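Chain by chain, the residues:
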Amino acid sequence: MAGGKIKKEKGKPQQHTPYQGGISFHKSKGQHILKNPLLVDAIVQKSGIKSTDVILEIGPGTGNLTKKLLEAGKKVIAVEIDPRMVLELQKRFQGTPYSNRLTVIQGDVLKTELPYFDICVANIPYQISSPLTFKLLNHQPAFRCAIIMFQREFAMRLVAQPGDKLYCRLTVNTQLHARIFHLLKVGRNNFRPPPKVDSSVVRIEPRKPRIEVKQKEWDGFLRICFNRKNKTLGSIFRQKNVISLLEKNYKTVQALKISQEGSLKEIDTKMDFSSFGDDQAMEMDDDGVDDDDEMEVEDGEADQVQSEFKDKVLGVLKEGDFEEKRSSKLTLQEFLYLLSLFNKAGIHFS
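S.K.: How should the overall build of the protein be read in this particular structure?
M.R.: Helix and strand counts for the protein come out as 13 helices and 11 strands. Within the protein, the proportion of its 350 residues that are buried is 45%. Long-range contacts, defined here as pairs at least 24 residues apart, represent 70% of the contacts in the protein between residues at least 6 apart. Of the roughly 18,400 Å² that the protein leaves accessible, carbon and sulfur atoms contribute 49%.

S.K.: Just to check I follow, could you spell out the confidence of the model for the protein for this structure?
M.R.: Of the residues in the protein, 78% reach a pLDDT of 70 or more, and the chain-wide mean stands at 82. In this model residues 3–21 is a low-confidence stretch, pLDDT under 50, and it forms 33 contacts with partners more than four residues away in sequence or in other chains. This stretch, residues 264–302, has a pLDDT under 50; its non-local contacts, to residues over four places away or in other chains, come to 38 contacts.

S.K.: What is the right way to look at helix H6 (residues 169–177) in this model?
M.R.: Owing to its 3.6 residues per turn, the α-helix brings residues three or four apart onto one side. Most of H6 is tucked away: eight of the nine residues are buried. Among all positions of H6, only Leu170, Thr171, Val172, Asn173, Thr174, Gln175, Leu176 and His177 are buried. The inward-facing, buried residues of H6 contact helix H4 (129–137), helix H5 (152–159), strand E9 (178–186), strand E11 (199–206), helix H7 (215–225) and helix H13 (332–344).

S.K.: Would you take a moment to explain the environment of Arg92 for this structure?
M.R.: Note on placement: Arg92 falls in helix H3 (residues 83–93). Along the sequence, Arg92 and Gly63 sit 29 residues apart, while their C-alpha atoms lie 7.7 Å from each other. A polar side-chain atom of Arg92 sits 3.0 Å from a polar atom in the side chain of Asn64.

S.K.: Teacher, can you tell me more about the nonpolar core here?
M.R.: As a rule of thumb, nonpolar side chains are buried together in soluble globular proteins. Membership of the largest hydrophobic core comes to 33 residues, with the highest contact counts inside it found for Trp218, Phe221, Leu233, Phe237, Leu246, Phe335 and Phe342. In terms of residues, this core owes the most to one element, H13, which gives six residues. Setting aside anything within four residues of it in sequence, one finds Phe335 in contact with Tyr167, Val172, Trp218, Phe221, Leu222, Cys225, Phe226, Ser327 and Leu330. One finds Val79, Ile128, Leu158 and Ile180 within the second-largest nonpolar core, a separate group that totals 29 residues.

S.K.: Mind showing me how you'd approach the environment of Leu317 here?
M.R.: Residue placement: Leu317 occurs in helix H12 (residues 302–319). For Leu317, a relative accessible area of 0% corresponds to the buried category. Remark: the alpha-carbon pair of Leu317 and Phe342, spanning 25 residues in sequence, is separated by 8.5 Å. For Leu317, the residues in contact, after removing those within four places along its chain, are Leu233, Gly234, Phe237, Phe322, Glu323, Leu338 and Phe342.

S.K.: Quick question: what am I supposed to make of the packing of H6 against H7 here?
M.R.: The relative placement of two packed helices comes down to the angle between their axes together with the axis-to-axis distance. At a closest axis distance of 10 Å, the pairing of H6 and H7 adopts a crossing angle of 150°. Here H6 is positioned roughly antiparallel relative to H7, judged by the angle of their axes. When you trace H6 past H7, the crossing you get is right-handed. Along its contact with H6, which presents Arg169, Val172, Asn173, Leu176 and His177, the element H7 presents Gln215, Trp218, Asp219, Leu222 and Arg223. When the residues that make up the contact of H6 with H7 are grouped by side-chain class, the tally is four nonpolar, three polar and three charged.

What counts, and where the lines are drawn
Residues numbered from 1 in each chain as written. Predicted model: local features only at pLDDT ≥ 70, side-chain atom pairs only at ≥ 80, totals over all residues. Heavy atoms only, no water. Helix = DSSP H or I, 4+ residues; strand = E, 2+ residues; numbered from the N terminus. Buried < 20%, exposed > 50% of the residue type's maximum accessible area, 1.4 Å probe, protein only. Contact = heavy atoms within 4.5 Å. Areas by Shrake-Rupley, 256 points an atom, 1.4 Å probe, with all protein chains shown as cover. pLDDT = per-residue confidence, 0-100. Polar contact = N/O pair within 3.5 Å; in protein donor to acceptor, adjacent residues only side chain to side chain. Core = buried A, V, L, I, M, F, W, Y, C linked by side-chain atoms within 4.5 Å. Axes fitted to C-alpha atoms, helices over the stretch in contact; angles between N-to-C directions. Parallel < 35°, antiparallel > 145°, perpendicular 65-115°, else oblique. Left-handed = near helix turned anticlockwise from the far one by under 90°. Nonpolar A, V, L, I, M, F, W, Y, C, P; charged D, E, K, R; others polar.

The following block contains the structure:
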């Protein structure tokens, strides 16, 4: 199933489109069934399914794609929220050679603990595109790939490159975890009932090994960078509210560091530090400003402190030659490098 959420008009009953087998489709739930058999075949072919694969299908609807997946793979696990569709699937494959290789889970995929699978092939309700994408990318163990139908604009955001109009925080966040390729453009008339927008099929391949970042730190960093993605980074990081936020974080981290160092003096040096977790990882390098001097500034010199800290932030941008660059044109590798420079200077975003 696929499609965007459509608001009901006040005073009018919700319209359902009947299915030839007697089931009506709810547009508001994104129930747009893929009806073109040639397109179904193309999706399965481009999925590269092996005969040994366990396949996860999300929103199978009446089972048009499910049948082709069962023919290609070892097993299909279908997650379907609509109990009417669940019954339709069970009836369709009952008594066939496929019945023992199909498992149907009734429930909301966003709230369902997903079992092991090798590959995901899905024609999803478009209103769950973003949360579902990140749920899949966080799934462990990592799957081989996912072939998913999205609303076209969402799909193009996922595959955008630096400098593209649709390049955004979603792009960088997704490409941090996976390589994404555009496979097919799908017109709205390939669905019953037709949605109001065109669609695209993309291939998502989780990165192996994963690029390790602290997620809250990374998210906070990208939020600032993409707040005005076409402004220079120098302009963005000169903003008073940005400087204030980063200075608050900086002082918190330095206070934690001093507190930790004080307590360590009273501990046997042979102690196992593995139990310290994230607190230990918060320790900063001693480059640049003297930590003790930074913490001892009197209240009356607050403006001077902010000016000094602003110079520290802008100094990081100058060090990496980022001051005149724009987020809309930075590569994933450049974002990772800039964040590492900030962290090295003791500047954090969470």
